[in-house]
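# Results of the structural survey
Each chain is listed here by its residues.
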Number of protein chains: 2
Amino acid sequence: MTITKHLPGLPLERALGVISGRWKAVIVHVLLSGPKRTSELGKHIPSLTQKVLIQQLRALEDHGLVFRTAGADDAHRVDYALTPLGLSLEPLIAQLRAWGEHHAEELDDTDRLLPCEAVVRPLISS
Amino acid sequence: MTITKHLPGLPLERALGVISGRWKAVIVHVLLSGPKRTSELGKHIPSLTQKVLIQQLRALEDHGLVFRTAGADDAHRVDYALTPLGLSLEPLIAQLRAWGEHHAEELDDTDRLLPCEAVVRPLISS
DNA sequence: CTTTCCACCCACCATTTGGTGGGTATGATG
DNA sequence: CATCATACCCACCAAATGGTGGGTGGAAAG
């Protein structure tokens, strides 16, 4: 039942395979601030459609970065949270961010950079 | 004249955009051991076809990680080398590799990992 | 002069990816 | 009971990506 994209054999490419994908890093970023429901994630990332959200979540699940907790039978109170493996991504993500900025600076392209809020809506309150 | 994929605004995704691509990381890896000619690169990475090699090299060039040195007019003695920006990728690549291994271990998937030599041929001699 | 090697380019194809717009079953709310 | 929100699934589409198989023009080697 796995969507599991057979990850490449080289560790480096395996890592890239796991975190690259149009929204994966963003989702992980949001989940770093605690578990969220499907709809919350959707609200945090308005430009992301439901289908794609779920696609990405499934992939993250398959790769062991995220886990689902559903209430009882199925559905209606689903939470997604990072696994330890997901959490272990944090420093890597930080370094990628830093390098991305460095890259933009070196290429005098900093004005094309967007702040996080351009994509991730804060959504005040608990 | 740029093939330049318009990199995403978020620094994190920008970084991913720059290094993800079927062979980019491998090529950078090879270039870390010094400048190489087009054909040398091809020999180091047998499973990579010429067209795709050049494609990837162009992308790396556009993104400022690599530069070309051609002799005189054009062609026939072309070298590709990493720019400082390209070199600055080294620690990031190392961390990605490490995390890829970690990921495989956590998922008891280490047997699917390939050693570098499965893809990059050493090619003894200078 | 012919052959080989080198650094390419081009037309074309297959797969993958993200994305749109519907639909469904269920529980909660008025 | 009618309506709404949640957490999905499905058929379908469009763009991007990787890849194949053929060139080309020029330097170098036999």
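Whatever comes next refers back to the structure up there.
So, here's what we can say about the structure. (Residues numbered from 1 in each chain as written. Chains lettered and ligands numbered in written order. Predicted model: local features only at pLDDT ≥ 70, side-chain atom pairs only at ≥ 80, totals over all residues. Heavy atoms only, no water.)

### Brief notes about the protein's contact with DNA strand D
This is how the line gets drawn: Nearness here has a simple test: a residue counts as near a molecule or strand if at least one of its heavy atoms is within 4 Å of that partner. Side-chain atoms alone can form a polar contact between residues adjacent in sequence; in general such a contact is a pair of N or O atoms within 3.5 Å, and within protein one must be able to donate a hydrogen while the other accepts it. All residues other than Ala, Val, Leu, Ile, Met, Phe, Trp, Tyr, Cys, Pro, Asp, Glu, Lys and Arg, Gly among them, are scored as polar; the first ten of these are nonpolar and the last four charged.
Around DNA strand D, a shell composed of 21 residues is seen, among which Q50, R68 and Y80 of chain A together with R22 and K51 of chain B lie nearest. Within 4 Å of the protein, the atoms of DNA strand D are drawn from sugar and phosphate moieties in a proportion of 62%. Contact between DNA strand D and S39 of chain A: a phosphate oxygen at 2.9 Å from a main-chain N or O atom of the residue. Q56 of chain B places a polar side-chain atom, nitrogen or oxygen, 3.1 Å from a phosphate oxygen of DNA strand D. Residues of the surface near DNA strand D, tallied by class, amount to 5 nonpolar, 8 polar and 8 charged.

### Notes on the relation of the copies chain A and chain B
Convention followed: Least-squares fitting of one copy onto the other uses the C-alpha atoms of those residues that reach a pLDDT of at least 70 in both copies. Note on contacts: a residue pair qualifies if any of its non-hydrogen atoms lie within 4.5 Å across the two residues.
Mapping chain A onto chain B is achieved by rotating through 180° and translating by 0.0 Å along the same axis, at an RMSD of 0.0 Å. Classification of the inter-copy transformation places it as that of a two-fold axis. The share of interface residues of chain A whose copies in chain B are also at the interface is 100%, consistent with both copies meeting through the same surface.

### Side note on helix α1 (residues 11–19) of chain B
Keep this limit in mind: Using a 1.4 Å probe on the protein chains alone, a residue whose accessible area is under 20% of its type maximum counts as buried, one over 50% counts as exposed, and one in between counts as partly exposed. Think of it this way: any DSSP run of H or I at least four residues long counts as a helix, any run of E at least two long counts as a strand, and we number them from the N terminus.
Burial analysis of α1 of chain B places 9 of its 9 residues in the buried class, which makes it a mostly covered element. Taken together, the buried positions of α1 of chain B are P11, L12, E13, R14, A15, L16, G17, V18 and I19 of chain B. Residues of α1 of chain B that are buried make contact with α1 (11–19), α2 (24–31) and α6 (90–106) of chain A together with α2 (24–31) and α6 (90–106) of chain B. Downstream of α1 of chain B by a residue or two, G21 of chain B has a phi angle that is positive, lying close to 145°.

### Here's the deal with the pattern of salt bridges
To be explicit about the condition: Salt bridges are counted wherever a side-chain nitrogen of Lys or Arg sits within 4 Å of a carboxyl oxygen of Asp or Glu.
Scanning all chains against the criterion turns up 10 salt bridges over all chains. Between R14 of chain A and D109 of chain B there is a salt bridge; the shortest N-O distance is 2.9 Å. Remark: D109 of chain B occurs in the segment after α6 and R14 of chain A occurs in helix α1; the pair is interchain, linking two chains. Side by side, R14 of chain A and D109 of chain B carry an identical accessibility label, which is buried. In this structure, a network of salt bridges that share partners links the residues R14 of chain A together with D109 and R112 of chain B.

### What to know about the sheet that holds strand β2 (residues 66–69) of chain B
All names here are of chain B. For the record, the criterion: Two strands qualify as a pair provided that DSSP identifies no fewer than 2 bridges between them. Axis lines are fitted through C-alpha atoms, for helices just across the contact stretch, and the angle between N-to-C directions can take any value from 0 to 180 degrees.
Taken in spatial order, the 3 strands make up an open sheet running β1-β3-β2, and their pairing is antiparallel. Among the strands making up the open sheet, the edge pair consists of β1 (36–37) and β2. Two strands pair when backbone bridges link them, and β1 and strand β3 (residues 79–82) are joined in this way by 2 bridges, in the antiparallel orientation. Residue pairing across strands places K36 opposite Y80, the latter belonging to β3. Strand contacts of α2: β1, β2 and β3, with the helix running at about 90° to β3, the strand carrying the most contacts. With respect to the sheet, helix α4 (residues 50–62) is in contact with β2 and β3, its orientation differing from that of β2 by roughly 110°.

### A look at the interface of chain A and chain B
The condition is simple: Put simply, buried area is the surface a 1.4 Å probe can reach on two separate parts but cannot reach once they are joined, added for both.
Taken residue by residue, the interface counts 41 residues in chain A and 41 residues in chain B. Around 3,800 Å² of area is buried between chain A and chain B when both sides are counted, 70% of it from carbon and sulfur atoms. On the chain A side of the contact with chain B, L12, R14 and W99 of chain A bury the most area, a combined 19% of that side's loss. Linking chain A to chain B there are 4 salt bridges. Between R22 of chain A and E13 of chain B there is a salt bridge whose closest N-O contact spans 3.3 Å. On the surface where chain A and chain B come into contact, there are 12 residue pairs in polar contact (both at pLDDT 80 or more). Taken together, the elements giving at least two residues each to the side of chain A that touches chain B come down to α1, α2 and α6 of chain A. Considering each element in turn, the side of chain A that touches chain B owes the most residues, 13 residues, to α6 of chain A. Taken together, the residues that form the side of chain A that touches chain B break down as 25 nonpolar, 8 polar and 8 charged.

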